[in-house]
Each structure stands twice: as C-alpha cells, then as structure tokens.
Amino acid sequence: MKKGIRQMEPDTIDDIDEVYAEELEAFLIWMKDAGYTIHTQKNYTGDVKQFLRTLREKPLDQVKKIHVMSYLSKARESGAGDSTRNRKHAAVSSFYKALQEFELCSTNPAFGIKKAKTEKNRMPVYLDEKEIQPFLLAVEGKYANRNMAIFLLMVYMGLRVGEVHSLNVSDFSRERRTLDVFGKGRKWRALPVPEGVCDIVERALEERLTPWRGKEDAMFVSQKGRRLAVRSIQQIATETFERFQQDKSVERRVSYSSHKLRHTFATMLLRKGADLRTVQELLGHSSIQTTTVYTHVTDREKEKAMDKLDIQVPMMELKS
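Residues numbered from 1 in each chain as written. Predicted model: local features only at pLDDT ≥ 70, side-chain atom pairs only at ≥ 80, totals over all residues. Heavy atoms only, no water.

Of regular secondary structure, the chain possesses 14 helices and three strands. Each of the 320 residues in the chain was classed as buried or not, and the buried ones make up 41%. At a minimum sequence separation of 6, the contacts of the chain that also span at least 24 residues come to 62%. Put simply, the chain shows about 19500 Å² of open surface, and 51% of that area lies on carbon and sulfur atoms. (Helix = DSSP H or I, 4+ residues; strand = E, 2+ residues; numbered from the N terminus. Buried < 20%, exposed > 50% of the residue type's maximum accessible area, 1.4 Å probe, protein only. Contact = heavy atoms within 4.5 Å. Areas by Shrake-Rupley, 256 points an atom, 1.4 Å probe, with all protein chains shown as cover.)

To continue, consider the side chain of Asn147. Within the element layout of this structure, Asn147 appears in helix 7 (residues 144-155). Judged by its relative accessible area of 7%, Asn147 falls in the buried class. Dropping the residues within four chain positions of it, Asn147 is found in contact with Val139, Glu140 and Ile236.

Core analysis: the largest hydrophobic core is formed by 41 residues, its most contacted members being Phe151, Leu153, Leu159, Leu179 and Phe220. Elements represented by at least two residues in this core include exactly helix 6 (129-137), helix 7, helix 8 (161-166), strand 2 (178-182), helix 9 (195-206), helix 10 (230-244) and helix 11 (259-271). A total of eight residues in this core trace back to one element, the largest contributor, which is helix 7. For Leu159, the contacting residues outside a window of four places in its chain are Leu153, Met154, Val164, Leu167, Leu179, Val181, Arg189, Leu191 and Arg262. In terms of nonpolar packing, the next biggest core, distinct from the first, is built from 26 residues, Ile16, Val63, Leu99 and Ala110 among them. (Core = buried A, V, L, I, M, F, W, Y, C linked by side-chain atoms within 4.5 Å.)

Running from amino to carboxyl end, helix 7 crosses helix 10 at an angle of 90°, the nearest separation of the two axes being 11 Å. Taken together, helix 7 and helix 10 sit at an angle that is classed as roughly perpendicular. Within the contact between the two elements, helix 7 uses Arg146, Asn147, Ile150, Phe151 and Met154 and helix 10 uses Ile233, Ile236, Ala237 and Thr240. (Axes fitted to C-alpha atoms, helices over the stretch in contact; angles between N-to-C directions. Parallel < 35°, antiparallel > 145°, perpendicular 65-115°, else oblique.)

A few words on the environment of Val125. Note that Val125 resides in the loop between helix 5 (82-101) and helix 6. Separated by 132 residues in sequence, Val125 and Ser257 have C-alpha atoms that sit 9.0 Å apart. Contacts of Val125, omitting those with residues within four sequence positions, involve Val254, Ser255, Tyr256, Lys260 and His263.

So, on to the pattern of salt bridges. Here the structure, examined in full by the defined rule, presents 14 salt bridges. Across the pair Glu129 and Lys272 runs a salt bridge whose closest N-O atoms are separated by 3.3 Å. Of this pair, Glu129 sits in helix 6 while Lys272 sits in the loop between helix 11 and helix 12 (276-283), and the two are 143 residues apart along the sequence. In this structure, the salt-bridge partner of Glu195 is Arg177, at a minimum N-O distance of 3.2 Å. Residue Glu195 is located in helix 9, and its partner Arg177 is located in the loop between strand 1 (172-173) and strand 2; the two are separated by 18 residues in the primary sequence. One salt-bridge network, held together by shared partners, links Arg174, Arg177, Glu195, Asp199 and Glu202. (Salt bridge = Lys/Arg side-chain N within 4 Å of Asp/Glu carboxyl O.)

One way to put it is that helix 2 (residues 21-34) packs onto helix 3 (residues 38-52) with a least axis distance of 11 Å and a crossing angle of 155°. As the angle between them shows, helix 2 and helix 3 are arranged roughly antiparallel. The crossing of helix 2 and helix 3 is right-handed. Residues Leu24, Phe27, Leu28, Met31 and Lys32 of helix 2 form the contact with helix 3, whose own contacting residues are Gln41, Tyr44, Thr45, Val48, Lys49 and Leu52. (Left-handed = near helix turned anticlockwise from the far one by under 90°.)

Here is the structure:
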C-alpha cells in the first residue's frame, strides 16, 4: 500500500491518476515513442485505467495472472466480444511491458494469457456498389461537403477512420492529384486521388473553418475549429447510415459503420479484377494475409460464373 493513499477502492479517474500517476505517465511516454496512434493511446489508457480500478490499490509488482484473468472475465460478463477482450488484454500487456522497460516493475502478469479465438476470415460487411450513391445522397447538413469528402476518401480510396482524422491540408496535392496518408505502423503511403474525389475535397477545403490554433493544419475540422475527432467521424457515419436505411424495416437494416466503407472499397477493386498485391498496397496492409479476407466476398462471382456452364452429363447404362 502506498503511503498516504486511502485504502478504499478508487472509483474515479482522478483517484487512479493519483495512485498510479508515475506508471500511467510512463505508459503514455512508451506508447508515443512506439508510434501508437492517438486513437490507440486513448483506448489502451482507458482499458488500463479500468483494469487498475479492479486492483484496490495493490502494488503493481504484486499483481498476478489471476488478477488479469479476472479483469478480462468481468469484461466478458459486461458484454465485451472477442475483439474487445483481446484489445483489453493487449493494453494491460503493453502497460506492463512499458513498466518493465522503465524498470518500474519486474514482471508482466498478462504474459502467457491466451487470446480469445476470433472468427477467422469472417466476411466483411460492405455496401454493394449500387448502394454507394444512395448512401452518399443521405449526406446532409451544414457541413455536407466536408462529410462527403470524408466518405469519398473511405469508399473510393480505402482510408481508415484514424487516417482521415490525421490528414493535414498539406497532405493533399491538387496538382499531382495525390494524397499522402499516415497509416498503421507509422507508415506513409501515397495514393492517387480520383478526379471526382479531388473536386469534393477541394470544395471541402474552400469551406474549411479557420482553426482556433494558428498552426493547426488538420484537413477536417469541427464546428469549433479543432481537428475532427475519430469519434465524431464515426458518429457522422452512424447518422448517415441511419438516414440511408430509414425506409427499411428494422429487421432488414444492416449494422453498418464508417469502417464498412473501407470494406466496400476493397471489395469493389477485387470484383473489378484488381490483383491482391495492388489492393494490399492501396489499403496499407503490412501483410497480404490481411487482404485475403476480401477474396471470400467475391466467391459468389465464382458461383455465378460456374452457373453459366451448360453441363451435360451423358446417361450411363448401369451394369448388373
């Protein structure tokens, strides 16, 4: 027990920040140095603080594997799926790795805990190409051009939500029709921008609000003049998908999200004959294995092609 700290379980974020201040600061420094995105830093920090609240101020060197397992089990009971459970596990494990590197802790109680088995090669949810225009027509409001540009970058260029969030004005070149994208793994990729997308991006930039901070170079800003947050982009997408499906009965509505537009981009490319390696480069996947999930989506095209065959089997005389 740390001297001067209450013995009751901390139940506010401020308590956690006070009890484990040095460790949380070290973790943030470690994540920044490792190149974790702002989005990942926020998620991991939230998961770790949630874990720390279950420890009742226990010194971190005394935490055992059972404490981590208990935390993950409670997350399950609260409705966390496989992916969320695995993210929380990764957050706690990374937290202890950081403490070990900074010599603030000697063990990692999350080490050796197995990941939950997620469904591999699950077919991504995506929009059919014929549904893209009706979806885009559902974009409305004061910032319609900004939101339209965001969606076009996802559905016709395959950008992740975090990549859209991180875009700066200087990343776009109208003259060269290129966009420099800072993606996962701290990797840059230069993407060609289709003419139609260029026009909307230019229009959005013309209407861009002046940021509060003079040095703010964010391509997409909020009504308060700040870089548009990942959560805000996701919410805009959710609201647009709701309008897009408002005429459908509840049971026929699909659980779309902003990331599904990226799935749509990959699916369209493969259906139009793009090779897997090119799609991998455009999506910014580090491994082509990640890209292969989209090949399963196009299996129905194979079935349609096979159905066109006029198969004629001669009748064989049965031998007694």
